Amino acid sequence: MADFLTLILAAGKGTRMKSDVNKVLHETAGKSMVQRVLDQVQEVDSAAETVCIVGYQKKQVKQHLGDKDIKFVTQKEQLGTGHAVGQAAGFIARHQGPVLVLCADTPLLRADTIEKLTACQQQEDTGAAVLTAKLDDPSGYGRIVRNKKGHIKCIVEDQDASKEQKKIKEVNAGVYCFSGPLLFEALNKIDSNNEQQEYYLTDTVSYINNQSGKVIPVEVHDSAEIIGVNDRRDLARANKLLYQRTAQKHMVSGVTIIDPDNTYIEPEVKIGRDCVIHPFTFLQGDTEIGPHTAVGPYSRVFASSIGKNVQIKASCNIKESIVHNECTIGPFANLRPGTELKAGVKVGDFVELKKSQIGRGTKVPHLSYVGDAEVGEGTNIGAGTIFANYDGQKKHKTRVGDDVFIGSNTTLVAPITVGDRGQTGAGAVVTHDVDPETTVIGVPARVYSKNSKKKNKQDQD
Ligand code: UD1
Ligand code: CA
């Protein structure tokens, strides 16, 4: 199959979003819409060069997609989708082969649908193949008008459609595969004599139909795939559908999701079998979760690697961290970026960890702050322990060895080291290193006054 040139339209302002941000930068299930479309294109083998048409907030869009292997073309004025494609005429002329055009506001589109569309255009050797779907409520979309042979005669925009045409349920997805030379020709023929006074890309279809005699519709099975996000209601719907689709995929592969309608798993997340995901849990970014692990309810895991047989209890927040097998975390634990829990660690309630490694089998069971620390194996960090890592100007490291016993409410003032099997008494404020096998105690409570029993008795009388 010939390689195709891809054009992604992302120059429009997205007025209906009522936003200060370009529509295509809005996120669905944790990723911008334009990025989702690009990801799907890049999954298709026969994708050659990709060109993104930018205009409104072009700096932000370019920056956002910056390091990806794509080119950019500017559409200075947003005069319509046909005009936008026209800005890439040079690329179309040079490429000669098939041209795939997509709108950056269709985040649910799948790579295999793109593959099917481009293959269809090639096999049938048509002027164009257009992705379509039948919708119960087609309003807002361009309607597909077919001829007697079942091919596409033209596409009529919602605003320009007659009463009869508005009844057509088959709509234009905004995804096309054109014969390059015919598209190039057609772009010179369109005008802006329509309701929106824009150069419609859809108008190239009737020209190509006349020239080649054949523009074929390729209908998607799952009509949700073609949702075009124009306003915030569409955005919410696209989000919901993406989360539903992802939950279905995991359930089919052996993950228990207690309430899929109230669980938010982003498409990039990987989950092992026999995991249990409780309601109101968010699994986000490049998160990977090993088998037989339970998460939630009300927990969030972002860009983290979680091992097998891990228990992440209610209301935990885990970000950019590594959790090895057999750990238990929470409820109400906060693992901030750079945290690593080795196998069998227990982190209990109201514990915050940041940029810290905690050794095998160590316990931090209650109410502690552990920042910039290296803690060894088999150590116990008592309730209320604070790793005082900040002197007001700089952060400092704390090292705690193996089999250490840190008493409740200890403050370890960094930089500091507590050697293997060292101990601290409850309430100790430790400002110097503690040697291995050594116990230090803080300021013990002193007798302040003696309460006379006699006096008390008299008082009572
Ligand atoms: C478009 C189609 C419609 C189809 C629908 C599918 C046209 C004329 N209409 O309508 O038939 O059913 O998509 O979702 O093509 N853009 C530019 N430059 C512009 C205008 C738009 O780059 O001058 C970009 C936008 O950023 C957006 C995409 O093109 O990503 C589609 O534009 P939009 O205004 O959303 O088109 P629709 O009205 O939805
Ligand atoms: Ca749209």
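Residues numbered from 1 in each chain as written. Chains lettered and ligands numbered in written order. Predicted model: local features only at pLDDT ≥ 70, side-chain atom pairs only at ≥ 80, totals over all residues. Heavy atoms only, no water.

## Topic: the overall build of the chain
Thinking step 1. Regarding its fold elements, the chain presents 10 helices and 41 strands.
Thinking step 2. Relative to the 2.2 N^0.38 estimate, which gives 23 Å for 461 residues, the radius of gyration of the chain is 31 Å and therefore markedly larger than a compact globule would have.
Thinking step 3. Seen through its principal axes, the chain has C-alpha atoms that stretch 110 × 50 × 40 Å.
Thinking step 4. Taken over 461 residues, the chain has a buried fraction of 50%.
Thinking step 5. Averaged over its 57 positive side-chain charges, the chain has a centre that lies 5 Å from the centre of its 56 negative ones. (Helix = DSSP H or I, 4+ residues; strand = E, 2+ residues; numbered from the N terminus. Rg over C-alpha atoms; globule rule 2.2 N^0.38 Å. Buried < 20%, exposed > 50% of the residue type's maximum accessible area, 1.4 Å probe, protein only. Lys, Arg positive; Asp, Glu negative; His and termini not counted. Charge placed at Lys NZ, Arg CZ, Asp CG, Glu CD.)

## Description of the environment of Ser-162
Thinking step 1. In this fold, Ser-162 is placed in the loop between strand 9 (152-156) and helix 6 (163-166).
Thinking step 2. Among the residues examined, Ser-162 registers a relative accessible area of 33% and is labelled partly exposed.
Thinking step 3. When the C-alpha atoms of Ser-162 and Ala-88 are compared, they prove to be 32 Å apart, with 74 residues separating the residues in sequence.

## Let's talk about the domain arrangement of the chain
Thinking step 1. As far as domains go, the chain holds domain 1 (4-226) and domain 2 (246-450).
Thinking step 2. The gap between the C-alpha centroids of domain 1 and domain 2 is 48 Å. (Domains from an automatic or database assignment.)

## Description of the coordination of the calcium ion (ligand 2)
Thinking step 1. For the calcium ion (ligand 2), the full set of protein donor atoms is Asp-105 (OD) and Asn-230 (OD1), at a range of 2.3 to 2.4 Å. You can see Asp-105 sitting in the loop between strand 6 (99-103) and helix 5 (111-123) and its partner Asn-230 sitting in the loop between strand 11 (215-219) and helix 9 (232-252), a full 125 residues away along the chain. Neither residue differs from the other here; Asp-105 and Asn-230 are each classed as buried. (Donors = N, O, S within 2.8 Å, 3.2 Å for Na, K, Ca; no water.)

## Notes on a nonpolar patch on the surface
Thinking step 1. Taken together, the side chains of Phe-332, Phe-350 and Leu-367 define a hydrophobic patch exposed on the protein surface, amounting to about 310 Å² of accessible area.
Thinking step 2. Mapping Phe-350 onto the fold places it in the loop between strand 27 (346-349) and strand 28 (351-354). (Patch = residues over 30% accessible without salt bridge, like charges linked within 9 Å, V, L, I, M, F, W, Y side chains within 5 Å. Areas by Shrake-Rupley, 256 points an atom, 1.4 Å probe, with all protein chains shown as cover. Salt bridge = Lys/Arg side-chain N within 4 Å of Asp/Glu carboxyl O.)

## Quick notes on helix 5
Along an α-helix, a turn takes 3.6 residues, which lines up residues three or four apart on a common side.
Thinking step 1. Here helix 5 spans 18 Å end to end across 13 residues, near enough to the 18 Å set by a 1.5 Å rise per residue.
Thinking step 2. Those residues of helix 5 not exposed but buried are Ala-111, Thr-113, Ile-114, Leu-117, Thr-118, Ala-119, Cys-120 and Gln-121.
Thinking step 3. Looking at the packing, one finds that the buried side of helix 5 touches strand 1 (4-9), helix 1 (33-43), strand 6, strand 7 (128-134), strand 10 (170-178) and strand 11.
Thinking step 4. Phi turns positive one or two residues past the end of helix 5, at Asp-125, with a value near 45°. (Expected span 1.5 Å × (residues − 1). Contact = heavy atoms within 4.5 Å.)

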